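A look at the structure
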Amino acid sequence: MTGAEEEVHDSMEDEVIDTDEDPHQGRSLRRGLDRAAERKRKREAEQEKKEKAEAEAKIPKQSKQFTKLMKDIRKKEEAIKDCEEEIAILDNDLREADCPRTRVLGKDRFWNRYYWFERNGMPYAGLPNSSTADAGYANGCIWVQGPDDLEREGYIDMKPDWQNEYRMKFGMTVPERKKMEEGPTSVFTAHQWGYIEDSEALDSLISWLDTRGINEVKLHKELKLYRDRIARNMEKRKEYLNPTEEKSVDSGPKRMSTRRKEQHVDHTAHRCLSWHNQTALEDLGHLHSDQPRARKPAKRAAPPPPVFEEERQTRSEAKGKKEKGLGRQGSRYNF
């Protein structure tokens, strides 16, 4: 009977522990609930502590990786910036050293070719030792060449059937449209050239180009890329061709009074008279139009006098010579 009562008590404690209902009787039941609540609190505290430790362990790893990644990104950005600057320098050197100076900027819808000669084989303002280095530009124009014969015959002077089809669609032929859009300065062959000399016409050309075409999208890109430099050289050209009074050259000959008949003296200031060929003077010592100066033969320096070394006899050598001389005398007077 005692064993049966203990089993009953244990089963009741287990039932009380597993249920959430409030205990109604027995001291042992309250102790079992307290122990269960305590174990639950411990499990929750341990679980919370474990989760917190895991979170804390993960956060520093993520921040370290993120910091390292940001450092790598900054290093790569600095390396890319240095490479871009180096590429710009090398590109400018290659452009200045580019010998073929007929590199085309692009073509338009009528197969006209556009050139900007400052782009190839020279600095943008021309060579620094040239006669027009102080002008600040080399050409200051965009040169336009007409279409080649093959391009003109294939795309402009087309067959009559194709021209009629083009007229039905657009109300005009291709040559008529070319003449209308280009105006009075239209070029028809590769032997005809035109030029653009001011920034307003350059901007009009850029806005006239249609970027939907294969040819004109390339030309539009190049003109937009070099637009500021081209416009700057065009302004320099205008200033050079139309100098102000302050910049005008006053190098004309002065008027001289003579007793003879009055002579006409031209006081026009020519820009070419202010230039001096300093390169020839520095390299050759004279202008190309002058004969080289006769150089006096350099005097030959007198040869230095010969150096005679003093013969010094040692005591042993002097004693040997003396004994040799005495021996000869002895043999001479010895009878």
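Residues numbered from 1 in each chain as written. Predicted model: local features only at pLDDT ≥ 70, side-chain atom pairs only at ≥ 80, totals over all residues. Heavy atoms only, no water.

Looking at the overall build of the protein chain
When you go through the protein chain residue by residue, the secondary structure sums to nine helices and four strands. Traced from its N-terminal end to its C-terminal end, the protein chain shows the element sequence α-α-β-β-β-α-α-α-β-α-α-α-α. Counting across all 335 residues of the protein chain, residues that qualify as buried make up 20%. Sequence-distant contacts in the protein chain: of pairs separated by 6 or more residues, those separated by 24 or more amount to 56%. By element, 52% of the accessible surface of the protein chain is carried by carbon and sulfur atoms, the whole surface being about 28100 Å². (Helix = DSSP H or I, 4+ residues; strand = E, 2+ residues; numbered from the N terminus. Buried < 20%, exposed > 50% of the residue type's maximum accessible area, 1.4 Å probe, protein only. Contact = heavy atoms within 4.5 Å. Areas by Shrake-Rupley, 256 points an atom, 1.4 Å probe, with all protein chains shown as cover.)

Regarding the pattern of salt bridges
Overall, the coordinates contain 15 salt bridges when judged by the stated rule. When the shortest N-O distance is used, the salt bridge between Glu 222 and Arg 119 registers 3.2 Å. Of the two residues, Glu 222 is situated in helix α7 (residues 214–241) and Arg 119 in the loop between β2 (113–115) and β3 (142–145); the sequence distance between them amounts to 103 residues. Grouping residues by exposure puts Glu 222 and Arg 119 together as buried. Across the pair Arg 237 and Glu 197 runs a salt bridge whose closest N-O atoms are separated by 2.9 Å. In this pair, Arg 237 sits in helix α7 while Glu 197 sits in the loop between β4 (193–196) and α6 (199–208), placing the two residues 40 residues apart along the sequence. Taking the relative accessible area as the measure of exposure, Arg 237 reaches 15% and is therefore buried. Judged by relative accessible area, Glu 197 falls into the partly exposed class, the value being 34%. Overlapping salt bridges, with partners in common, bring together Arg 109, Arg 177, Glu 181 and Glu 216 in one network. (Salt bridge = Lys/Arg side-chain N within 4 Å of Asp/Glu carboxyl O.)

A word on the nonpolar core
In this structure, Tyr 114, Ile 142, Leu 223 and Ile 230 are the most contacted members of the largest nonpolar core, which totals 16 residues. Of all the secondary-structure elements, those providing two or more residues to this core are β3, α6 and α7. The dominant element in this core, judged by the number of residues it contributes, is α7, at five residues. Look past the residues within four positions of Ile 142 in its chain and what remains in contact with it is Tyr 114, Tyr 115, Gly 194, Tyr 195, Ile 196, Leu 202, Leu 223, Ile 230 and Met 234. (Core = buried A, V, L, I, M, F, W, Y, C linked by side-chain atoms within 4.5 Å.)

Structural notes on the confidence of the model for the protein chain
Considering every residue of the protein chain, the mean pLDDT works out to 76; 68% of them sit at 70 or more. Note that pLDDT drops below 50 for residues 250–259; the model gives that stretch 12 contacts with residues more than four away or on any other chain. Here residues 328–335 is modelled with pLDDT under 50, and outside its nearest four sequence neighbours on either side it reaches zero contacts, counting other chains as well. (pLDDT = per-residue confidence, 0-100.)

Some words on helix α5 (residues 174–182)
Within the span of α5, buried status applies to Val 174, Lys 178 and Glu 182. Projected down its long axis, α5 carries its buried residues within an arc of 55°, all on one side. When the buried face of α5 is taken as reference, the exposed residues oriented beyond 90 degrees from it are Lys 179 and Met 180. At the C-terminal side of α5, Gly 183 shows a positive phi close to 85°. (Arc of directions from axis to C-beta.)

A look at the pairing of β3
The pairing of β2 with β3 spans three bridges and is classified as antiparallel. In the strand pairing of β3, Tyr 115 is matched with Trp 143. Here four bridges tie β3 to β4, and the two strands are oriented antiparallel to one another. Looking at the pairing, Ile 142 lines up with Ile 196 of β4. (Pairing = 2+ DSSP bridges.)

Some thoughts on the sheet that holds β2
Judged by pairing direction, the sheet is antiparallel, and its four strands sit side by side in the order β1-β2-β3-β4 without closing on themselves. One side of each edge strand has no neighbouring strand; the edge strands of this open sheet are β1 (106–107) and β4. As paired strands, β1 and β2 are joined by two bridges and run antiparallel to one another. Bridged to Gly 106 within β2 is Tyr 114.

A closer look at the side chain of Gln 145
Structurally, Gln 145 is set in strand β3. In this structure Gln 145 comes out as buried when scored by relative accessible area, which is 13%. Side-chain polar atoms of Gln 145 contact the side chain of Tyr 115, separated by 3.1 Å. A distance of 3.0 Å separates a polar atom in the side chain of Gln 145 from the backbone oxygen of Ala 190. Leaving out residues up to four positions away in the same chain, Gln 145 has contacts with Asn 112, Arg 113, Tyr 115, Val 187, Ala 190, Gln 192 and Trp 193. (Polar contact = N/O pair within 3.5 Å; in protein donor to acceptor, adjacent residues only side chain to side chain.)

So, a negative patch on the surface
Taken together, the side chains of Glu 77, Glu 78, Asp 82, Glu 84, Glu 85, Glu 86, Asp 91 and Asp 93 present a region of like negative charge at the surface. Locating Asp 91 in the fold gives a position in helix α2 (residues 27–96). (Patch = residues over 30% accessible without salt bridge, like charges linked within 9 Å, V, L, I, M, F, W, Y side chains within 5 Å. Lys, Arg positive; Asp, Glu negative; His and termini not counted. Charge placed at Lys NZ, Arg CZ, Asp CG, Glu CD.)

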